[in-house]
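# Descriptive structure summary
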Amino acid sequence: MKEMVNLLWVENLKKHFKTSYGIVKAVDGIDFTIKSGEIFGLVGESGSGKSTAGHVIVGIYTPTVGRILFKDQDISVPAIKRPKRLKREIQMVFQDPASSLNPKKTIKDIVGLPLKVHGLVNSKEELEEKAAKALEMVELPPEELMYRHPADLGGGEKQAVSIARAISTNPSFVILDEPTSALDVSIQAKIIKALMKIQKDLNLSYLFITHDLSLMRNVASMVAIMYLGKIYEQAPTGMFFYNPLHPYTKMLLSSIPVLTDEENKMKPKKVAPKGEIPSAVNIPPGCRFHTRCPFTMDICKVKEPNFVMVEPGHHVACHLYNQK
Ligand code: SF4
């Protein structure tokens with residue numbers, strides 16, 4: 001078994017946007033590391049900041065504050081300013097394959113573009129060969145699809161092409177931004193299966209951004225929960241589902257369906273939330289979850305809880321646990 005070493009460090013990462021309504025604190029101070037070969041699940045409702053975090057890490061946005069290190073190199077800059085080798089190693093699969101594929105290009109050109117950009121091919125034949133190999137890895141038949149256009153494909157095939165494009169450069173780290181949420185349920189399992197096989201075959205690390213906790217139970221090795229720009233609980237997957245601590249985590253877990261008696265035993269008692277997720281322009285003081293938490297105490301309304309370790313590898317930010 002290969003040793004897992006740290007690949008990505010995210011330190012006090014913030015991404016704020018100025019809007020006509022005020023400052024949107026989409027990501028507001030998150031820290032985590034991802035090891036080589038690890039699947040790290042970043043989970044949250046819409047508006048939690050999870051996709052913005054992925055977009056900052058891949059270099060679409062520059063951090064407002066904080067650092068991102070990849071293989072010990074600082075990449076807290078837009079992708080265009082990053083060393084070429086590191087750009088090749090970090091790829092992303094977007095939520096909506098229909099809008100992330102150029103409709104005017106053939107599948108061969110779409111999958112082959114990163115190979116050209118990164119100077120990984122010397123001839124048309126080599127480009128064709130490598131694009132075909134990437135398509136085969138996502139179980140698409142190159143001979144049938146290479147000269148077709150995205151409009152000729154179904155949703156699942158389009159997302160498989162996006163994945164082929166992401167892995168064509170032989171990356172070590174892929175950000176998956178809700179890769180199945182725009183697909184029919186019948187196709188989702190096929191795409192997840194392909195992603196898991198590729199991860200294993202290439203020993204890839206994934207940052208898997210999703211709202212689907214059930215999926216993370218089955219695929220992730222580490223799970224973190226984001227709420228209004230902050231991570232409020234993080235633990236190795238077994239610990240996370242066996243011993244969830246944060247009221248928000250319990251709220252999310254208590255509302256997902258389970259299939260087995262074992263999962264039912266682990267499911268927390270129903271935690272009924274109050275209201276909706278507040279706006280990221282108008283973040284509540286103290287604990288950001290206090291406007292919805294059934295256990296709110298006076299301190300929660302004024303003091304932001306620290307993110308503390310409550311057992312090895314298990315961190316939580318809540319005044320109910322060990323706050324000094
Ligand atoms: Fe609830 Fe207070 Fe914990 Fe926030 S800090 S989750 S309001 S108990």
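Everything here concerns the structure above.
Let me begin by describing the structure that accompanies this report. Predicted, not measured: the structure shown is a model, and the values here were computed from it.

Thresholds, definitions, all that
Residues numbered from 1 in each chain as written. Predicted model: local features only at pLDDT ≥ 70, side-chain atom pairs only at ≥ 80, totals over all residues. Heavy atoms only, no water. Helix = DSSP H or I, 4+ residues; strand = E, 2+ residues; numbered from the N terminus. Rg over C-alpha atoms; globule rule 2.2 N^0.38 Å. Buried < 20%, exposed > 50% of the residue type's maximum accessible area, 1.4 Å probe, protein only. Contact = heavy atoms within 4.5 Å. Pairing = 2+ DSSP bridges. Axes fitted to C-alpha atoms, helices over the stretch in contact; angles between N-to-C directions. Patch = residues over 30% accessible without salt bridge, like charges linked within 9 Å, V, L, I, M, F, W, Y side chains within 5 Å. Areas by Shrake-Rupley, 256 points an atom, 1.4 Å probe, with all protein chains shown as cover. Salt bridge = Lys/Arg side-chain N within 4 Å of Asp/Glu carboxyl O. Lys, Arg positive; Asp, Glu negative; His and termini not counted. Charge placed at Lys NZ, Arg CZ, Asp CG, Glu CD. Near = heavy atom within 4 Å. Nonpolar A, V, L, I, M, F, W, Y, C, P; charged D, E, K, R; others polar. Core = buried A, V, L, I, M, F, W, Y, C linked by side-chain atoms within 4.5 Å. Parallel < 35°, antiparallel > 145°, perpendicular 65-115°, else oblique.

For the rest of this paragraph, the subject is the overall build of the protein chain. Looking only at helices and strands, the protein chain has 12 helices and 12 strands in total. A globule of 324 residues ought to have a C-alpha radius of gyration of about 20 Å, and the protein chain, at 21 Å, matches this closely. Seen through its C-alpha atoms, the protein chain measures out along the principal axes to roughly 65 × 45 × 45 Å. Taken over 324 residues, the protein chain has a buried fraction of 52%. Nonlocal contacts in the protein chain, meaning residues at least 24 apart in sequence, comprise 62% of its contacts between residues at least 6 apart.

Further remarks concern the sheet that holds strand E8 (residues 205–210). Ordered by their spatial adjacency, 8 strands build an open sheet running E6-E7-E8-E3-E9-E10-E12-E11, and the pairing between neighbours is mixed. The open sheet has two edge strands, strand E6 (90–93) and strand E11 (308–311), and neither has a second partner. If you compare each strand with its neighbour and ignore which way they point, the axes differ by 20 degrees on average. Pairing analysis gives 4 bridges linking E6 to strand E7 (residues 173–177), with the strands arranged parallel. Bridge assignment links Met92 to a residue of E7, and that residue is Ile175. Where helix H8 (residues 185–202) meets the sheet, its contacts fall on strand E3 (39–43), E7 and E8, and the angle it forms with E8 comes to roughly 155 degrees.

A contiguous patch of negative charge on the surface is contributed by Glu136, Glu143, Glu144 and Glu157. Here Glu136 shows up in helix H5 (residues 124–137).

Let us look at the sheet that holds strand E1 (residues 6–19). Spatially, E2-E1-E4-E5 is the arrangement adopted by the 4 strands of the open sheet, whose pairing is antiparallel. Taken across any chain shown, the strands that pair with only one partner, and hence form the sheet edges, are strand E2 (22–35) and strand E5 (73–74). Sheet topology note: the E1/E2 ladder contains 11 bridges and is antiparallel. From the neighbouring strand, Lys15 faces E2, where its bridge partner is Val27.

Looking now at a nonpolar patch on the surface. A cluster of nonpolar residues, Phe295, Met297, Ile299, Val302 and Leu320, forms a patch on the protein surface that exposes about 430 Å² of accessible area. Mapped onto the elements of the fold, Val302 is located in the loop between helix H12 (261–266) and E11.

The next thing to look at is the pattern of salt bridges. For the structure shown, the criterion picks out 10 salt bridges. Its salt-bridge partner being Arg292, residue Glu45 comes within 3.1 Å of it at the nearest N-O pair. On the criterion of sequence distance, the pair formed by Glu45 in the loop between E3 and helix H1 (50–58) and Arg292 in the loop between H12 and E11 is long-range, its members being 247 residues apart. Arg292 gets classed as buried once you look at its relative accessible area, which sits at 4%. The partner of Glu89 in a salt bridge is Arg85, with the nearest N and O atoms 3.0 Å apart. Of the two residues, Glu89 and Arg85 both sit in helix H2 (residues 84–89), 4 residues apart, roughly one turn of that helix. The class of Glu89 is buried, set by a relative accessible area of 5%. When its relative accessible area of 42% is taken as the criterion, Arg85 is described as partly exposed.

In this section: the site of the ligand. If you check the shell around the ligand, you find His246, Pro247, Cys287, Phe289, His290, Cys293, Phe295, Thr296, Cys300, Cys318, His319 and Leu320 and nothing else. A class-by-class count of the residues in the shell around the ligand yields 8 nonpolar, 4 polar and no charged.

Counting 57 residues, the largest nonpolar core has Val161, Tyr206, Phe208 and Leu213 as the members making the most contacts within it. At 6 residues, the largest contribution of residues to this core is made by helix H7 (residues 155–167). Ranked by size, the runner-up nonpolar core spans 28 residues in total, among them Leu8, Phe70, Ile90 and Met222.

Here we take up the packing of helix H4 (residues 107–117) against H5. One can describe the packing of H4 onto H5 by two numbers: an axis separation of 9 Å at closest approach and a directional angle of 110 degrees. Here H4 is positioned roughly perpendicular relative to H5, judged by the angle of their axes. From H4, Ile107, Lys108, Val111, Gly112, Leu115 and Lys116 reach across to H5, where they touch Leu127, Glu128, Lys130, Ala131, Ala134 and Leu135. A breakdown of the residues in the contact of H4 with H5 according to their chemical character gives 7 nonpolar, 1 polar and 4 charged.

Take unusual backbone geometry next. Backbone geometry at Glu139 places phi at a positive 60 degrees, although glycine is not the residue there. With respect to the helices, strands and loops of the structure, Glu139 is situated in the loop between H5 and helix H6 (142–145). Although it is not a glycine, Asn170 adopts a positive phi angle of roughly 60 degrees. Within the fold, Asn170 resides in the loop between H7 and E7.

Just distances and angles here, no functional claims.
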